[in-house]
Each structure stands twice: as structure tokens, then as C-alpha cells.
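Structure at a glance
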Amino acid sequence: MVRLITHNLLACHVKGCTSNNFPLKLQDVQIALREAEFNEDFLRGFIPRLEWGALVQAAREVGDDSLPAEVPEMLDDEFLKQLHHVLLEIHIDEGSMVCPNCKHVYPISSGIPNMLLAEHEIG
Amino acid sequence: MSKVTPAVIDDDPSAYETKHVHEVYDQIASHFSSTRYKPWPIIAAFLASLPPGWVGLDSGTGNGKYLPLPLERPGSVWTIGLDRSRNLLDAARNAGGAVREVVWGDVLGNGWRIGAFDYAISIATIHHLATPARRREAVERLLQSVSPSHGRVLIYVWAIEQDALSKRQIPTTPDASSPGAIVGEDVYVPWVLNPQPGPQKTSRRRKAATESEPEPSHEVQIEPQTFHRYYHMFAEGELDGLVNEAAKQLRLVIGPHTSAQRHTLGVEIVQSGWERSNHYVEVKRWQA
């Protein structure tokens, strides 16, 4: 499955593509919403590790604009619930991720992103 | 019964792995997956020790048996499973009865932000790479995938020194430079697949030696098919050596962090050893 938690970690790894290779742009996506168990400890621990701007942008690309542009100072319940939804309940079942730099396309099929490269493309 | 036999790598290593590892796993995926369900104690303890909020990479996740851990606090960390076999990922995506995060990729790839993960595990995977350089590169990828300041990495590979309970008979060669020692070997390990998709009665047996080969089922009349997977079976000290070489390649200082060091990136071997036919090593990255 690919959700925005994973998208926030993935980057283009084509040989020589080392700058502006993140975040991958989500295109032609089919999404499904599936409930996931809320875990506040995870979210609080994970927030400092997130690339926040990339998450906000990716959420917009899949049709969710509920997140604020910056991480709020007060992490209240309402915010954490919203973040939980964006990170863990929006599933990208089909679509593609395109490198903003080299335009390499990583397809997503049946919820699984294909990050394989041909041997000569690996850096 | 099929035996472990010596392997000769007679092709470009990448093409060789495609034929003798990836294609085999894609064919045996369903049966293989049904025999892999019990986590190793040291790996379970490693995952149980992670603070809430950490995210990790399971490089060579197979059927994803480590993705649900730690079971006592589900969802407090997230492990992303990566594997080369698309068919094994079909099992991994629902490992433990919940939806998991899995990615189709190669352990020699680098498809993530450098240092994005807090931890990485690679269990019974690196031994499928066909040259020392490729095995070292796989370790480099793991070291690069985790945070330079606190990343933790745990690696397991099959050992040439097998448990007395293991049914595997491994051909060994004495180490010419060190009397009494043996060296790592390239071998084929058979997998016997019964060509029937019905209920697999034999697959849930508790086995004394894990990772042992399934026996042909007696109920089945059709000739079972045997697949041969390539393995490099590691000798004692070889995995630690690989970590040291990978660290050197990445210009990381090897050893514990001391207060004298400044503007330095390093990696420390926290523990290494042998557990039930496997060699393992746990390392921690540090930044001064």
C-alpha cells in the first residue's frame, strides 16, 4: 500500500538525480479511504521527522487541503486527528509519482509503488 | 531429499540474481510465505526497543512478518517493507491481518530521502547478492537510509556454521589463512514446491530449526518441483567485516562516539553474534 506516510520518505534515485528529487509529484491518482487505528504517541514522535511542506503538497495532490501550511505550535486533538487521517487513511491505489527534477515516472499499481530502476539507471 | 550444493556464478551478477533469486521467490512466494511466521527473538527485541514515532525500513521484507511488530504496542512505530519479489509483497501488504506499507524495490536502490528512516532491518536478504561488492553496497544503502545522528540498523544473514538441529548439510572449505576456520560459500539451497494450491496442511508446523526446508507432503501424488535459490553463506566475522568496509566506503568513523570527536560522522557496532544458524550485527550511527 502507499499512503502519504510512505510518500514522505520516497525520493527519486535515478543515477545523477540528486537534487530537487523530492517530493515526487502524485499524478492521475485513484484513492480510497480506509480507517486506521489512531495512535497519538506515534504522531507526536513522528511530526519532527516529517517533511511538512512535502506532506501538505502531496495531500493537495490527492484532494485534501485540510492541513495548515506550518506545523501548529499547539498539537491539539483536532489537529492530530486530521494529521492521522492524511498520513494513514488516504490510500493511493493507482497512479504515478513523477520526479520533479528528471521526470522519471514511478508507477503505483494495486496500491504498491514500483521503485525499481534498470541496472544502468541506478546511481 | 534435496541437498545444498555448491554454486558457481557464471553470469553478470545482476542477471544471475534475477534468475537464481528473484524468479525463484516469485514462483514459490505463496508457499514460502506460509512457512514464515515466527519472528526471531533478537529482531523482536530490537523492534520492541524503538521509541514511539520512529519509522523504519525492512529491506527484503519477504512476506512482511516483521511489519506488525512490536505486537504489544501496534502502530507506535511504522516499518515500511521493501522487496524485489512482487508476489511476496502481496503477502506482506496484509501481514498480521492489517494493511501495511510496502514498496517494490531493490536493496541496492536508494529510493528514499537520505537518512529519512530512524531504523532499518535487513533479515535473510543480503546473502542473496552474488558478489562481495554487491553485499557491501547493500550494507552501505542501509547505513545511508537511516538518520546520521541516531539511526539503528540490524542485519541477519545465514551462517555457514549451522545449528546442530538444522537439516541443512553445507559443503565447507577450510580457511587457508586461518587454521581451523572455515570460509563463506556460494551455494544453492533447494525449495521443494508441491504443485497444488489447496489447503497447506503441512505449512503451520512448529519446527525446531527455523528456516528449514519443507518436506514433500505425503498426500500429494503429483511430482513436486524443486527450485534452487542462490545463497552466499557467511562465515564468522564476515558480516562485521562487511559493515566495516561499507562504513569506510561512506567515510564513517568506526567505533563508539567519544567526546574528543568533532564534526565527525561515525558508526558503532552495538552487538554482533550467531543465533541459530544466522550471523547478525546491530549498528548505531552517530554524529559529533
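Residues numbered from 1 in each chain as written. Chains lettered and ligands numbered in written order. Predicted model: local features only at pLDDT ≥ 70, side-chain atom pairs only at ≥ 80, totals over all residues. Heavy atoms only, no water.

In this section: the overall build of chain A. When its secondary structure is counted, chain A shows 4 helices and 4 strands. In chain A, the order of α-helices and β-strands from amino to carboxyl end is α-β-α-α-α-β-β-β. A compact globule built from 123 residues should have a C-alpha radius of gyration of about 14 Å, and chain A, at 15 Å, falls within 12% of that. Principal-axis analysis of the C-alpha atoms gives chain A an extent of 50 × 30 × 20 Å. Out of the 123 residues in chain A, the part that is buried amounts to 53%. For chain A, the share of sequence-separated contacts (at least 6 apart) that also reach a separation of at least 24 residues comes to 71%. In the structure as shown, chain A presents an accessible area of about 5800 Å², 46% of it carried by carbon and sulfur atoms. Here chain A holds 9 positive side-chain charges and 19 negative ones, and the gap between their average locations is 5 Å. (Helix = DSSP H or I, 4+ residues; strand = E, 2+ residues; numbered from the N terminus. Rg over C-alpha atoms; globule rule 2.2 N^0.38 Å. Buried < 20%, exposed > 50% of the residue type's maximum accessible area, 1.4 Å probe, protein only. Contact = heavy atoms within 4.5 Å. Areas by Shrake-Rupley, 256 points an atom, 1.4 Å probe, with all protein chains shown as cover. Lys, Arg positive; Asp, Glu negative; His and termini not counted. Charge placed at Lys NZ, Arg CZ, Asp CG, Glu CD.)

Look at helix α4 (residues 77–88) of chain A: 16 Å from first C-alpha to last across 12 residues, which is about the 16 Å you get at 1.5 Å a residue. The set of residues buried in α4(A) consists of A:Phe79, A:Leu80, A:Leu83, A:His84, A:His85, A:Val86, A:Leu87 and A:Leu88. (Expected span 1.5 Å × (residues − 1).)

Let us now look at the layout of surface pockets. If you add up the space inside the largest pocket, you get close to 480 Å³. Forming the boundary of the largest pocket are 24 residues, of which A:Glu37, B:Gly75, B:Trp78, B:Ala98 and B:Arg100 lie nearest the centre. Looking at the lining of the largest pocket residue by residue, the class counts come to 14 nonpolar, 5 polar and 5 charged. (1 Å grid on protein atoms, 1.4 Å probe; cavity = no way out; pocket = protein on both sides within 12 Å on 5 of 7 lines; lining within 4 Å. Points joined across faces, edges and corners; volume = space filled by probe spheres on them. Nonpolar A, V, L, I, M, F, W, Y, C, P; charged D, E, K, R; others polar.)

Here the focus is the pairing of strand β5 (residues 119–123) of chain B. Residue and element names in this part refer to chain B. Of all the 5 residues making up β5, 5 are buried; the element is thus mostly covered by neighbouring parts of the structure. Neither face of β5 is exposed, since Tyr 119, Ile 121 and Ile 123 on one face and Ala 120 and Ser 122 on the opposite face are all buried. With helix α4 (residues 132–145) bridging β5 and its parallel neighbour strand β6 (residues 152–158), the resulting β-α-β unit is right-handed. (Right-handed = clockwise from strand over helix to strand, strands pointing away.)

This next bit is on the confidence of the model for chain B. If pLDDT is low for a region, its predicted coordinates should not be looked at in detail. All names here are of chain B. Summary statistics for chain B give a mean pLDDT of 86 and a share of 86% for residues scoring 70 or more. In this model residues 198–216 is a low-confidence stretch, pLDDT under 50, and it forms 42 contacts with partners more than four residues away in sequence or in other chains. Of the two predicted TM-score estimates for the complex, the pTM is 0.88 and the ipTM is 0.96. (pLDDT = per-residue confidence, 0-100.)

Before going further, it helps to examine the interface of chain B and chain A. Taken residue by residue, the interface counts 36 residues in chain B and 31 residues in chain A. Between chain B and chain A, the buried area comes to about 2700 Å², and carbon and sulfur atoms account for 58% of it. Contact with chain A buries surface across chain B, with B:Glu101, B:Trp104 and B:Arg113 losing the most and accounting together for 24% of the total. In this structure, B:Glu101 engages A:Arg3 in a salt bridge whose closest nitrogen and oxygen atoms are separated by 2.6 Å. Those elements that place two or more of their residues in the side of chain B that touches chain A are β3 (78–83), α3 (86–92), β4 (102–104) and α4 of chain B. Of the residues contributing to the side of chain B that touches chain A, the split by class is 16 nonpolar, 9 polar and 11 charged. (Buried area = accessible area lost by both parts, 1.4 Å probe. Salt bridge = Lys/Arg side-chain N within 4 Å of Asp/Glu carboxyl O.)

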